[in-house]
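Chain residues, written in single-letter form:
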Amino acid sequence: MTRIYNFGAGPAMLPIPVMEKAQAEFLDYHNLGAGLIEISHRSKQFDEILDSCDALLTELANIPSNYKILYVHGGAQMQFSAVPLNLMARNDAKKATYIETGNWAVKARKEAARYGTALSGATSEATNFDRIPEFDPATLDADNSYAYITSNNTLFGTRWHSFPDTGEIPLVADMTSEFLSRKLDISKFGIIFAGLQKNLGPAGLAVVIVREDLLGLALPYTPSLLNYKVYADDHSLTNTTNTFAIYMMSLVLEWLKGEGGVGAMEARNEAKAKLIYDAIDNSDFYRGTAHPDHRSIMNVTFNLTDESLLDSFLAEALKNGLYALKGHRVVGGARASIYNAMPLAGCQALVDFMAEFERSKA
Ligand SMILES: *Cc1c(COP(=O)(O)O)cnc(C)c1O
């Protein structure tokens, strides 16, 4: 079997050792005579997996003890509702400020507007979100319930290189497309969340890391299954959770630890991204889409200077095992999503192909 390199934005490729281990344990989990997905979410076996996720996430992301880790159904976008439902009422003004760095941030703000006043603190829409806009947190009114950012902008290939200091106002970050790809000071945030399907495992669940003092503030009509306090009290087992997704995540976390942890992964990710950005910058045939000072190391967006060659570029790439390089329609061009599980060899294969394609058109 030949495995492709999947450059799609998500669901993303998973490490081969993780897939192999899941395959080996699928029919008979630890000599149980049954697969893990066939048994109770309250079984001893699953309990151990949940505990192992807590321990590994705490270690890998360096999560302080005054934070809770929740596993919430519904993926990342469910959090666009859950965040305002849980936090909008922190202040009587029921007001929050969103920094609009792309479609996900805009979508999150519009969803929050159903539950309170959701302001736009800054936006880079005028330049089609090719950068992180200037934003001075001192301009935030003190009665904001929270401030909100998307730390890595999946569609546009930008990221916050450093984070705004919002002081007493809790900072909320959607880290879906970069969680555990770079070292982070969790204590700077009130809430971090990430859908699993980019760096953590299969789709359909989100990890939510929430500071304890922000629990218990939910709007009265918050559905129980979106209430962080309920999840925290029940160790995320209020309903039957997606045991398979959590199991897969536990394997991914074990793998990440074995690879040297987040610091080692960050260095590898920097090297992977640099390889592709250098190929773009050293050629007139390709051009980057995101402002060079704001580039993501997870999603590399670029185009061909002669855009009429794009379709042929994508088709040839696919023939070479380089899958799903088409950019999102709001940006156009190409996008290489190179999450943690994408090996350096995959990025090298892309760069080699780019050079070969350029030569073939010279
Ligand atoms: C992929 C992505 C989402 C959407 O995730 P779903 O699980 O499909 O809701 C939200 N935010 C960001 C930053 C993403 O990259």
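Residues numbered from 1 in each chain as written. Predicted model: local features only at pLDDT ≥ 70, side-chain atom pairs only at ≥ 80, totals over all residues. Heavy atoms only, no water.

Peer 1: Help me understand the overall build of the protein in this model?
Peer 2: The helix and strand tally for the protein stands at nine helices and 14 strands. For 362 residues, the compact-globule estimate of 2.2 N^0.38 gives 21 Å, and the C-alpha radius of gyration of the protein, at 21 Å, lies within 12% of that figure. By its C-alpha atoms, the protein is 65 × 60 × 30 Å across when sized along the principal axes. Across the protein, contacts joining residues at least 24 apart in sequence account for 68% of those joining residues at least 6 apart. (Helix = DSSP H or I, 4+ residues; strand = E, 2+ residues; numbered from the N terminus. Rg over C-alpha atoms; globule rule 2.2 N^0.38 Å. Contact = heavy atoms within 4.5 Å.)

Peer 1: Mind showing me how you'd approach the packing of helix H7 (residues 261-281) against helix H9 (residues 344-361) here?
Peer 2: Running from amino to carboxyl end, H7 crosses H9 at an angle of 5°, the nearest separation of the two axes being 9 Å. One way to sum up the angle between H7 and H9 is to call them roughly parallel. On H9, the residues that touch Ala 271, Lys 272, Leu 275, Ile 276, Ala 279 and Ile 280 of H7 are Leu 344, Cys 347, Gln 348, Leu 350, Val 351 and Met 354. Here the contact of H7 with H9 is composed, by residue class, of ten nonpolar, one polar and one charged. (Axes fitted to C-alpha atoms, helices over the stretch in contact; angles between N-to-C directions. Parallel < 35°, antiparallel > 145°, perpendicular 65-115°, else oblique. Nonpolar A, V, L, I, M, F, W, Y, C, P; charged D, E, K, R; others polar.)

Peer 1: Is there a simple way to think about the pairing of strand S2 (residues 67-73) in this case?
Peer 2: Extensive coverage of S2 is indicated by the burial of five of its seven residues. Inspection of the sheet shows S2 paired to strand S10 (residues 205-211) by seven bridges, in the antiparallel sense. In the sheet register, Ile 69 faces S10, and the bridge partner there is Ile 209. (Buried < 20%, exposed > 50% of the residue type's maximum accessible area, 1.4 Å probe, protein only. Pairing = 2+ DSSP bridges.)

Peer 1: Looking at this structure, I do not really get the site of the ligand. What am I missing?
Peer 2: In the vicinity of the ligand, 13 residues are found, and the nearest of them are Gln 77, Thr 154, Asp 174, Gln 197 and Lys 198. Residue Gln 77 places a main-chain N or O atom 2.8 Å away from an oxygen atom belonging to the ligand. Within the side chain of Asp 174, an N or O atom sits 2.7 Å from a nitrogen atom of the ligand. Starting from 390 Å² of accessible surface for the ligand in isolation, the protein chains cover 87%. Here the shell around the ligand takes four residues from helix H3 (residues 75-87), the largest share from any one element. Tallied by class, residues from the shell around the ligand come to three nonpolar, eight polar and two charged. (Near = heavy atom within 4 Å. Polar contact = N/O pair within 3.5 Å; in protein donor to acceptor, adjacent residues only side chain to side chain. Areas by Shrake-Rupley, 256 points an atom, 1.4 Å probe, with all protein chains shown as cover.)

Peer 1: Please explain the sheet that holds strand S3 (residues 95-100) as it appears in this structure.
Peer 2: Pairing within the open sheet is mixed, and its seven strands lie in the order S2-S10-S9-S8-S5-S3-S4. What marks the edges here is a single partner per strand, and that holds for S2 and strand S4 (117-123). Direction aside, neighbouring strands of the sheet carry axes that sit 20° apart on average. Along the sheet, H3 makes contact with S2, S3, strand S5 (146-150), strand S8 (171-174), strand S9 (191-195) and S10, crossing S9 at roughly 160°.

Peer 1: Mind showing me how you'd approach the pattern of salt bridges here?
Peer 2: The final tally for this structure, using the stated rule, is 19 salt bridges. Between Glu 59 and Lys 257 there is a salt bridge, with its nearest N and O atoms 3.3 Å apart. Taken as a pair, Glu 59 in helix H2 (residues 44-61) and Lys 257 in helix H6 (residues 243-258) lie far apart in primary sequence, 198 residues in all. The salt bridge involving Asp 278 is made with Lys 274; its shortest N-O contact spans 2.7 Å. Separated by four residues within a single helix, Asp 278 and Lys 274 lie in helix H7, roughly one turn from each other. Beyond isolated ion pairs, a larger network of salt bridges with shared partners links Lys 95, Asp 141 and Asp 143. (Salt bridge = Lys/Arg side-chain N within 4 Å of Asp/Glu carboxyl O.)

Peer 1: Help me understand H3 in this model?
Peer 2: Taking 1.5 Å as the rise per residue, H3 with 13 residues should run 18 Å; its terminal C-alpha atoms sit 18 Å apart, in good agreement. Where H3 bends most, the angle comes to about 30°, and this point is Ser 81, followed within four residues by the proline Pro 84. For H3, a buried count of eleven out of 13 residues is recorded, marking the element as mostly surrounded by other parts of the structure. Buried within H3 are the following residues: Gly 75, Ala 76, Gln 79, Phe 80, Ser 81, Ala 82, Val 83, Pro 84, Leu 85, Asn 86 and Leu 87. (Expected span 1.5 Å × (residues − 1). Bend = angle between axes of the 7 residues up to and from the residue.)

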